[in-house]
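Residues per chain, in single letters:
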Amino acid sequence: QVQLVESGGGSVQPGGSLRLSCAASSSIVAINIMGWFRQAPGKQRELVAEVNRVGSTDYADSVKGRFTISRDNAKNTVTVQMNSLKPEDTAVYYCNAVADDNKTYWGQGTQVTVSS
């Protein structure tokens, strides 16, 4: 069982930056994919970015060039640096992990609000 704890959410003005971090309760060596999803009010949860154990990344088109995901297997963490934030980035952001046995784990979510 892997527990994921997010941190770093908050409120920022358009054009600002935030950095979200996710810490796993145990080694993520057996975790193939780690990523971030988000869910805005009235919308479905969507993939924001993900990274596999060898560092290959994938991003939603809406965040390409603005967000950067990174993973530290030694520290059991995954982070996403979010720059040039827009109001439409407002959502609850969830950390996600998919293990080699295909079990999926979720964090509790952290609110990101982009507003002037």
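Refer to the preceding data block for the structure.
Residue positions are given per chain, counted from 1 along the sequence in the order it is written. With pLDDT at 70 or above as the cut-off, local features in this predicted model cover only qualifying residues; side-chain atom pairs require 80 or more to be listed or tallied, and sums for whole chains, interfaces and linings still use all residues. To obtain the side-chain values, all non-hydrogen atoms of the structure were included, while hydrogens and water were left out.

### A word on the overall build of the protein
Thought 1: Labels follow the DSSP assignment, with helices taken as runs of H or I lasting at least four residues and strands as runs of E lasting at least two, numbered in each case from the N terminus. Counting secondary structure elements, the protein contains zero helices and 11 strands.
Thought 2: The order of α-helices and β-strands along the protein, N terminus first, is β-β-β-β-β-β-β-β-β-β-β.
Thought 3: For the protein, the C-alpha radius of gyration of 13 Å lies close to 13 Å, the compact-globule estimate for 116 residues.
Thought 4: Seen through its C-alpha atoms, the protein measures out along the principal axes to roughly 40 × 25 × 20 Å.
Thought 5: Partly exposed residues are those whose accessible area sits between 20% and 50% of the maximum for their type, while under 20% is buried and over 50% is exposed, using a 1.4 Å probe and protein chains only. A burial count over the protein gives 41% of its 116 residues as buried.
Thought 6: Contacts in the protein between residues at least 24 apart in sequence constitute 53% of all its contacts with a sequence separation of at least 6.
Thought 7: For the area figures, the Shrake-Rupley method with a 1.4 Å probe applies, and any residue is considered shielded solely by the protein chains shown. By element, 46% of the accessible surface of the protein is carried by carbon and sulfur atoms, the whole surface being about 6000 Å².
Thought 8: His residues and chain termini do not enter the charge count, which takes Lys and Arg as positive and Asp and Glu as negative. Here the site of a charge means NZ on Lys, CZ on Arg, CG on Asp, or CD on Glu. Taken together, the 11 basic and 10 acidic charged side chains of the protein have centroids lying 3 Å from each other. Using C-alpha atoms as the atom set, the radius of gyration is obtained and then compared with a globule rule of 2.2 Å times the number of residues to the power 0.38. Note on definitions: a residue-residue contact is assigned when non-hydrogen atoms from the two residues lie within 4.5 Å.

### Notes on unusual backbone geometry
Thought 1: Despite not being glycine, Asn76 has its phi angle at roughly 60°, a positive value.
Thought 2: Asn76 sits in the buried class, given a relative accessible area of 17%.

### What to know about the pattern of salt bridges
Pairs can form between side chains of opposite charge once their charged atoms are near each other.
Thought 1: By convention in these notes, a salt bridge is any Lys or Arg side-chain nitrogen within 4 Å of a carboxyl oxygen on Asp or Glu. Evaluation of the coordinates by the stated rule reveals five salt bridges.
Thought 2: Among the ionic pairs, Asp100 bridges to Arg53, the shortest N-O distance being 2.8 Å. Of this pair, Asp100 sits in the loop between β9 (91–99) and β10 (104–106) while Arg53 is found in the loop between β5 (46–52) and β6 (57–59), placing the two residues 47 residues apart along the sequence.
Thought 3: In this structure Arg53 comes out as partly exposed when scored by relative accessible area, which is 33%.
Thought 4: Asp89 is paired through a salt bridge with Arg66; the nearest N and O atoms lie 2.7 Å apart. Of the two residues, Asp89 is situated in the loop between β8 (77–82) and β9 and Arg66 in the loop between β6 and β7 (67–72); the sequence distance between them amounts to 23 residues. Residue Asp89 shares its accessibility class with Arg66, and that shared class is buried.

### Digging into the side chain of Arg66
Thought 1: The exposure class of Arg66 is buried, given its relative accessible area of 10%.
Thought 2: Under the rule applied, a polar contact is a pair of N or O atoms within 3.5 Å (in protein, one hydrogen donor and one hydrogen acceptor; residues adjacent in sequence only if both atoms are side-chain atoms). Within polar-contact distance, the side chain of Arg66 engages the side chain of Asp89 at 2.7 Å.
Thought 3: Other than its neighbours up to four places away in sequence, Arg66 contacts Gln81, Met82, Asn83, Ser84, Leu85, Lys86 and Asp89.

### Some thoughts on the sheet that holds β8
Thought 1: Across the sheet, four strands lie side by side as β1-β3-β8-β7; this open sheet has antiparallel pairing. A strand with exactly one partner marks an edge of an open sheet, and here the two such strands are β1 (4–7) and β7. Strand-to-strand, the axes of this sheet are offset by a mean angle of 15°, without reference to chain direction.
Thought 2: Two elements, β1 and strand β3 (residues 18–24), share four bridges in a ladder whose sense is antiparallel. If you follow Ser7 over to β3, its bridge partner there is Ser21. When DSSP finds at least two bridges between two strands, those strands are taken to pair. Only the contacting stretch of a helix is used when fitting its axis, a line to C-alpha atoms as for every element, and angles between N-to-C directions run 0 to 180 degrees.

Honestly, that's just the spatial picture; any functional story needs more than this.
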